[in-house]
Amino acid sequence: MPYQLFDQRSGLEGTVSSIVRHKDTLYVGTYYGLFSLVPGEGVAPARFRKLEDIHGGCHALLSTGGDLLAATSDGVFAIKGLEVQTIYPLAGCRALRQSKRDPNRVFVGHMHGLSSLYLSDSHWRPEKDLEQLKDDIFSITSDASGTLWLGTSLNKAIEVNIPLKQGVAADPDFGQVQVTDHARGLPTGNATVFLIEGKVYVVTTAKGGPLFVFDKGKQSFVLEARFGSRFGLDS
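Criteria and cut-off values
- Residues numbered from 1 in each chain as written.
- Predicted model: local features only at pLDDT ≥ 70, side-chain atom pairs only at ≥ 80, totals over all residues.
- Heavy atoms only, no water.
- Helix = DSSP H or I, 4+ residues; strand = E, 2+ residues; numbered from the N terminus.
- Rg over C-alpha atoms; globule rule 2.2 N^0.38 Å.
- Buried < 20%, exposed > 50% of the residue type's maximum accessible area, 1.4 Å probe, protein only.
- Areas by Shrake-Rupley, 256 points an atom, 1.4 Å probe, with all protein chains shown as cover.
- Lys, Arg positive; Asp, Glu negative; His and termini not counted.
- Charge placed at Lys NZ, Arg CZ, Asp CG, Glu CD.
- Phe/Tyr/Trp six-rings, centres within 6.5 Å; stacked < 30°, edge-to-face > 60°.
- Pairing = 2+ DSSP bridges.
- Axes fitted to C-alpha atoms, helices over the stretch in contact; angles between N-to-C directions.
- Salt bridge = Lys/Arg side-chain N within 4 Å of Asp/Glu carboxyl O.

*Asks:* What am I meant to see in the overall build of the protein here?
*Replies:* Looking only at helices and strands, the protein features 0 helices and 20 strands. Compactness check: the protein gives a C-alpha radius of gyration of 19 Å against a globular reference of 18 Å for 235 residues, within 12% of the reference. Along the longest, intermediate and shortest principal axes, the C-alpha atoms of the protein span 60 × 50 × 30 Å. Burial statistics for the protein: of 235 residues in total, 44% are counted as buried. Accessible area for the protein stands at about 12700 Å²; split by element, carbon and sulfur atoms hold 50% of it. The centroid of the 24 positive side-chain charges in the protein is displaced by 4 Å from the centroid of its 25 negative side-chain charges.

*Asks:* Sorry if this is basic, but what is going on with the packing of aromatic side chains here?
*Replies:* Two descriptors summarise a pair of aromatic rings, namely the distance from one centre to the other and the angle between the planes of the rings. All chains considered together, the criterion is met by 4 aromatic pairs. When the centroid spacing of 5.3 Å and the interplanar angle of 90° are considered together, the rings of F6 and F48 count as edge-to-face. With F6 in the segment before strand 1 (16-22) and F48 in strand 4 (residues 47-50), the pair connects residues that are 42 residues apart, well separated along the chain. An aromatic cluster is present here, built from W149, F214 and F221 joined pairwise through their rings.

*Asks:* Explain the sheet that holds strand 11 (residues 113-120) here, please?
*Replies:* To summarise the sheet geometry, strands pair through backbone hydrogen bonds and adopt either a parallel or an antiparallel arrangement. On the basis of which strands lie adjacent, the open sheet formed by 4 strands has the order 9-10-11-12 and antiparallel pairing. In this open sheet, the two strands that pair with only one neighbour each are strand 9 (93-98) and strand 12 (123-129). Adjacent strand axes in the sheet meet at a mean angle of 30° when their direction is disregarded. Of the pairings in the sheet, the one linking strand 9 to strand 10 (residues 105-110) comprises 5 bridges and is antiparallel in character. Counterpart to L96 in the pairing with strand 10 is V108.

*Asks:* Before we go on, may I ask you to explain the pattern of salt bridges in this structure?
*Replies:* It is possible for side chains bearing opposite charge to pair when their charged atoms get close. Summed over all chains, the structure comprises 7 salt bridges. Here R105 and E127 are joined by a salt bridge, their closest N and O atoms 2.8 Å apart. Here R105, found in strand 10, pairs with E127, found in strand 12; they are 22 residues apart in sequence, far enough to count as distant. Measuring nitrogen to oxygen at the nearest pair gives 3.0 Å for the salt bridge that ties D135 to K156. You can see D135 sitting in the loop between strand 12 and strand 13 (137-142) and its partner K156 sitting in the loop between strand 14 (148-152) and strand 15 (157-161), a full 21 residues away along the chain. Accessibility expressed as a relative area gives 18% for D135, which makes it buried.

Next up, the structure:
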């Protein structure tokens with residue numbers, strides 16, 4: 001299968017942390033910022049162009065359909081072509097997840113916890129800082145019911161259930177948020193969460209990993225060894 005390599009020679013600087021295609025343009029977030037791929041012309045090859053209005057590291061990208069959102073060390077930004085708009089100027093934003101219940105809502109994981117943004121009248125605005133959460137959030141995923149799972153910089157994953165207000169469709173009751181810590185079975189260290197075929201997985205670089213799956217019956221994470229030595233696991 002043919003492939004093409006992009007690195008600093010093609011304008012792409014830094015370690016890649018996120019990749020997304022938005023409106024036929026490929027965007028790459030690195031610790032040096034946000035880059036977009038400019039197609040080649042004639043014999044000139046394709047090159048990456050840095051979006052100069054984003055100065056900090058870009059940790060996560062999310063295409064909402066209409067807009068591209070970028071979570072960076074300087075906050076969350078909306079990218080519309082070459083225009084960059086500041087949405088949420090909070091340091092240490094690391095993760096983005098669009099709500100399953102309402103696509104106009106996006107959750108932001110950051111070094112101070114979890115917040116939400118909401119799209120209204122074509123503008124993204126900060127909606128709510130969830131005061132129940134103070135952890136350093138590295139990653140976010142969600143199941144079909146809308147329950148959020150958060151990966152943290154410490155040895156736990158967090159399950160977050162945000163109930164809906166009675167009689168109001170898709171309107172969250174942020175005052176009744178239910179937070180459950182799941183550290184059991186995980187080694188001390190960072191935890192990145194993924195949802196695959198309805199199961200919650202944690203990847204960690206901590207000793208004793210790298211891959212765990214959540215056992216609902218035991219309410220604990222257990223070492224996932226089905227994939228064998230090709231993933232660095234005991235078969």
